[in-house]
Amino acid sequence: MSIMTYATPKALSRRSFLQSSAAAGAALAMPGAAWSQAEGQLLLWLPGGSDLFCKIHTGLLDSFSAKAGLGAASTVCGLGQDTEFTQALIGSITAGNPPDISMLWDSPVSLGAQGAFMPLDEMMKGSQIPIETWPAGLLSSCQFKGATYGLPVTAGVYSMWYNEELFEAKGIPSDRASFPKTWADLRKLSKEFTEWDGDTLKVAGFMPNRVSETMAIWSALNGGMLFDEANLKYVLDSEQNIEMMNFFVDWFEEEYKGDVNLIDRSGNFRDGYADGNTGMGPAFREGRQAGMQSGSWLMGDIYADPVPVFTRWNLAPNPYGPSGTASVSGTWPNWFVIPVGSKNAQAAFDYLSFLAVEGSVEWYQQIPDVPTNSQVKLKAPTGLVENRGQEFADDLSTFLGTQAAIVTPMWNSPVQSFGNDQVARAIEKIYTKAQPVKEALAEAQAASQAELERVLAG
Amino acid sequence: MAILAKENTAGASSPPRRLGLAGRGEARAGFLFALPWMVGLTVFTIIPLLLTFYIAQTKFQIVGPPKYVGLANYAAMWIDPAMWTSARNTMFFAVVSVPIKLVIALGLALLLNRVTALSGFYRTVFYLPFLMPAVAGSIVFMLLLTPDAGPVNIALKALGFSPPDWLLDPKAALWTIILLSLWPLGVETLVFLGGLQNIPQDVSEAADLDSPRGWHKLVWITIPLISPMILFNLVIGIIYSFQVFTQALVVGGTTGKPAEATLMYMVVLYRAAFRYFNVGYAAAMATVLFVGVLLLTLLIFRTARSWVHYEGDSR
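Here the structure is a predicted model, which means the values were calculated and not measured. (Residues numbered from 1 in each chain as written. Chains lettered and ligands numbered in written order. Predicted model: local features only at pLDDT ≥ 70, side-chain atom pairs only at ≥ 80, totals over all residues. Heavy atoms only, no water.)

Engineer: Which residues make up the side chain of Asn412 of chain A, and what values go with them?
Structural biologist: Residue and element names in this part refer to chain A. Note on placement: Asn412 falls in the loop between α15 (390-404) and α16 (416-431). Residue Asn412 is classed as buried on the basis of its relative accessible area of 5%. Among the polar contacts listed, one links the side chain of Asn412 to the side chain of Glu229, at a separation of 3.2 Å. In contact with Asn412, not counting residues within four places along its chain, are Val109, Ser140, Ser141, Phe227 and Glu229. (Helix = DSSP H or I, 4+ residues; strand = E, 2+ residues; numbered from the N terminus. Buried < 20%, exposed > 50% of the residue type's maximum accessible area, 1.4 Å probe, protein only. Polar contact = N/O pair within 3.5 Å; in protein donor to acceptor, adjacent residues only side chain to side chain. Contact = heavy atoms within 4.5 Å.)

In structure tokens, the structure reads:
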């Protein structure tokens, strides 16, 4: 009986198998078609972020499209961070089917210089967002050889975060004006808080920087730089940078036993977030760290899980080093680019204008990435107002606005990722004592300069 | 016998039989069924392979056309400290992890071969880790091996040991990656198990009668008879170990933290292509890896003649 069933003409024949295969192939190709770009319908790609982040951007694009009389817009969220997102974006550009507009969490200079993104200079002339409405230091993160390949619509602004309650418990003034102005003062203050229990770091004051992405800020605070944009030259082993790293190593030896493993074993003293790799909570929120340098995005998350053991914290300008003369700030921007091949380039630019001036206000209110265009009238983040009151939230918004105006040029190298990895490598070698400061920086300098020259060679 | 000889002679000298209508239809159907695979092989393997050889001789930044630079990418590899560090780490990983993996997989297979009750259950259990995505597995290991709060170190401390900083200490990190790679052993174990179950019962019983010592049977009977499986696992293991990527990337990122201890060859290749957009350089690295692994595989096959025994082999 079963043989009869197999032999029935309704069984899968070769022809029907091939037909089914073709149908299945077509069905599989459909999602790709759904992501492809159509004329008159804006398509936006976002690298990652929370559900709220996606919701805000979907809403902003939809309301702009409705106002501008465009067709239904599409926002594709969470395409992967860092390298995965870049791969997807480059793939779409080279395939000739890119999104109209894309957010980037890495500098657009490298890919812009290679012709992946449209220069925006012509469109900016006479628009709502001309070049003079952007802070020069910030805009340099999108520029190469006089062309602007993207816009830093909002940015996380780096400043010093500190736990006011911990300060007050030690009888130390906690107002912003009293915060240390120099590295030497910061180091002196840090000692007041640091406590060891054998080889376990119980409480830390402030830590010398170990983050490669923000090293450009610390270098500028010491009167130096990592990349000389004007002369297209890396200067990682300059006198100021050697002095900076020696200062950090000396501080590290004196206050933190000169052993990074002891610190990392004791907790997450790197930033204000839980460490996804080790599961360790942020020492700052646990009340075990007096302060740190962090980006303004933390304002939106600090009262969420893990809830801090304290309520009052504040921000202060970054102190400057022995060879520096004044405080500077730095940013990690949310860049927007219009990929080459966009079928709706002008509409995409119009959306950028809307986002930079109007849309970023709502964005900042819900997720505190600071709008950077000078025409924006900031409204304090809702979450911050709820937790700390209108006055504090307004004060911080004003402070962040002033910090955004004094950002040092960073993210501006055509080999940004390569240079950053070399700095990360040097930092690690220096702090693990695998290499002395001068040697590690010289090695990073040689490698970065060689890569820069290779890319610039055409 | 004569008839058979005649038939054979006739068969050898007769012209090739032409396919009938039905036969031609079958052949066409067979070709059509094989066609998707052949197209896939050509488009996704052969063409990319040939393109890799070509791109390795160009400066190619993904966006824009490639520009011919001759052997410049190979010369750049020669002076790149990251390439040498990663090659050293990868060689060490391969040399240490492959033999350990083979020994453990063989041990597990020998145990599974003795299990009579619930054998299907145990085989499934040992195969399951292979099904877990490498990223998820790596993250679980990272949480387990957290220096102070991780369950592994808590247990080791409770037993009076002084546990290492598995992923923080440059001296321990590469060993931790090796440890991590030993976890999914399902495929190797099943291949060995297949070999063990193919050992003829009479040979096994004769060996038991000749020598009561278990290890004699293992060394003189079992291992020679499963040597084709050892060869297979060895070759596949070496190929995979030179391509170790996911665990290294999850644990050490693109810089091979800590202090380049986990920087592997494929990670350097990947970051060159997709982080630095230096595809020509990445293609040169891929070409060198291809040639290196090919030569190593040929060398293993060459030596295999002296230690691999096939059933019916006259030697």
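Structure shown, so let's carry the discussion forward.
Engineer: Give me the lowdown on the domain arrangement of chain A, citing residues and values where you can.
Structural biologist: All names here are of chain A. As assigned here, chain A comprises domain 1 (41-156 + 332-404) and domain 2 (158-330 + 409-456). For domain 1 versus domain 2, the distance between C-alpha centres works out to 27 Å. With 29 residues of domain 1 at the contact, the number on the domain 2 side is 31 residues. The largest contributions to the domain 1 side of the interface with domain 2 come from Trp332, Arg388 and Phe399, which together make up 24% of the buried area. Put simply, domain 1 and domain 2 have two salt bridges between them. In this structure, Glu164 and Arg388 form a salt bridge, with 3.5 Å as the shortest nitrogen-oxygen distance. (Domains from an automatic or database assignment. Buried area = accessible area lost by both parts, 1.4 Å probe. Salt bridge = Lys/Arg side-chain N within 4 Å of Asp/Glu carboxyl O.)

Engineer: Explain the nonpolar core residue by residue, including any values.
Structural biologist: Phe117, Phe167, Phe206, Met215, Met245 and Phe248 of chain A are the most contacted members of the largest nonpolar core, which totals 137 residues. If you count residues domain by domain, this core takes at least three from each of domain 1 (41-156 + 332-404) and domain 2 (158-330 + 409-456) of chain A. (Core = buried A, V, L, I, M, F, W, Y, C linked by side-chain atoms within 4.5 Å.)

Engineer: Provide a residue-level description of the interface of chain A and chain B, including the pertinent values.
Structural biologist: It is common to give the size of an interface as the accessible area that goes away when the parts come together. On the chain B side, the residues contacting the 35 residues of chain A number 31 residues. Both faces considered, chain A and chain B share a buried interface measuring about 3100 Å² in area, 55% of it formed by carbon and sulfur atoms. Where chain A meets chain B, there are four salt bridges. Arg265 of chain A serves as the salt-bridge partner of Asp165 of chain B, at 2.6 Å between the closest nitrogen and oxygen. Taken together, the elements giving at least two residues each to the side of chain A that touches chain B come down to α2 (14-35), α4 (82-94), α5 (109-113), α12 (260-266), α16 and α17 (437-456) of chain A. A total of eight residues in the side of chain A that touches chain B trace back to one element, the largest contributor, which is α16 of chain A. A breakdown of the residues in the side of chain A that touches chain B according to their chemical character gives ten nonpolar, 16 polar and nine charged. (Nonpolar A, V, L, I, M, F, W, Y, C, P; charged D, E, K, R; others polar.)

Engineer: Can you lay out the pairing of strand β6 (residues 151-163) of chain A for me, pointing to particular residues and giving the numbers?
Structural biologist: Residue and element names in this part refer to chain A. With 13 of 13 residues buried, β6 lies mostly within the body of the structure. Here β6 runs beside strand β13 (residues 330-337); their pairing, made up of seven bridges, is antiparallel. For Pro152, the partnering residue across the bridge sits in β13 and is Trp335. With four bridges connecting them, β6 and strand β11 (residues 291-294) associate as antiparallel partners. In the strand pairing of β11, Trp161 is matched with Met292. Sheet analysis places β6 next to strand β12 (residues 313-316), joined by four bridges and oriented antiparallel. Each bridged residue has a counterpart across the sheet, and for Trp161 the counterpart in β12 is Leu315. (Pairing = 2+ DSSP bridges.)

Engineer: Got a sec to walk through the packing of aromatic side chains? Specific residues and values, please.
Structural biologist: For the structure shown, the criterion picks out 37 aromatic pairs over all chains. With a centroid separation of 5.3 Å and 85° between ring planes, the pair formed by Phe92 of chain B and Trp175 of chain B is classed as edge-to-face. With a gap of 83 residues between them, Phe92 of chain B in helix α4 (residues 81-114) and Trp175 of chain B in helix α8 (residues 170-181) connect regions that are remote in the sequence. Its guanidinium or amino end placed over the ring of Phe247 of chain A, Arg187 of chain A lies 5.2 Å from that ring's centre, counting from NZ or CZ. (Phe/Tyr/Trp six-rings, centres within 6.5 Å; stacked < 30°, edge-to-face > 60°. Lys NZ or Arg CZ within 6 Å of the ring centre and 35° of its normal.)

Engineer: Hey, could you go over α8 of chain B for me, with residue numbers and the actual values?
Structural biologist: Structurally, the α-helix is built with 3.6 residues per turn, so residues lying three or four positions apart point the same way. All names here are of chain B. Compared with an ideal rise of 1.5 Å per residue, which puts twelve residues at 16 Å, α8 spans 18 Å between its outermost C-alpha atoms and is within 8% of the ideal. Among all positions of α8, only Ala172, Ala173, Leu174, Thr176, Ile177, Ile178, Leu180 and Ser181 are buried. In this fold, the buried residues of α8 make contact with α4, α6 (134-144) and α13 (246-252). (Expected span 1.5 Å × (residues − 1).)

Engineer: Before we move on, could you go through the pattern of salt bridges and cite the residues and values that matter?
Structural biologist: Residues and elements named next belong to chain A. Under the counting rule described, the total for this entry stands at 21 salt bridges over all chains. Here Arg210 and Asp264 are joined by a salt bridge, their closest N and O atoms 3.0 Å apart. Taken as a pair, Arg210 in the loop between β8 (200-203) and α10 (215-221) and Asp264 in helix α12 lie far apart in primary sequence, 54 residues in all. One salt bridge connects Glu253 with Lys433, and the closest N-O pair in it is separated by 3.1 Å. Of this pair, Glu253 sits in helix α11 (residues 239-256) while Lys433 sits in the loop between α16 and α17, and the two are 180 residues apart along the sequence. Given a relative accessible area of 35%, Glu253 falls into the partly exposed group. Each of Glu164, Glu168, Arg312 and Arg388 takes part in a single network of salt bridges with overlapping partners.

Engineer: Describe in detail the packing of helix α10 (residues 201-210) of chain B against helix α11 (residues 214-225) of chain B, supporting the description with residues and values.
Structural biologist: Residues and elements named next belong to chain B. Close contact between α10 and α11 brings their axes to 10 Å; oriented N to C, the two are set at 165°. Between α10 and α11, the interaxial angle falls into the category roughly antiparallel. As α10 runs across α11, the sense of the crossing is right-handed. For the pair α10 and α11, contact is made by Val203, Ser204, Ala207 and Asp208 and by Lys217, Ile221 and Leu225, respectively. The residue inventory of the contact of α10 with α11, partitioned by class, reads four nonpolar, one polar and two charged. (Axes fitted to C-alpha atoms, helices over the stretch in contact; angles between N-to-C directions. Parallel < 35°, antiparallel > 145°, perpendicular 65-115°, else oblique. Left-handed = near helix turned anticlockwise from the far one by under 90°.)

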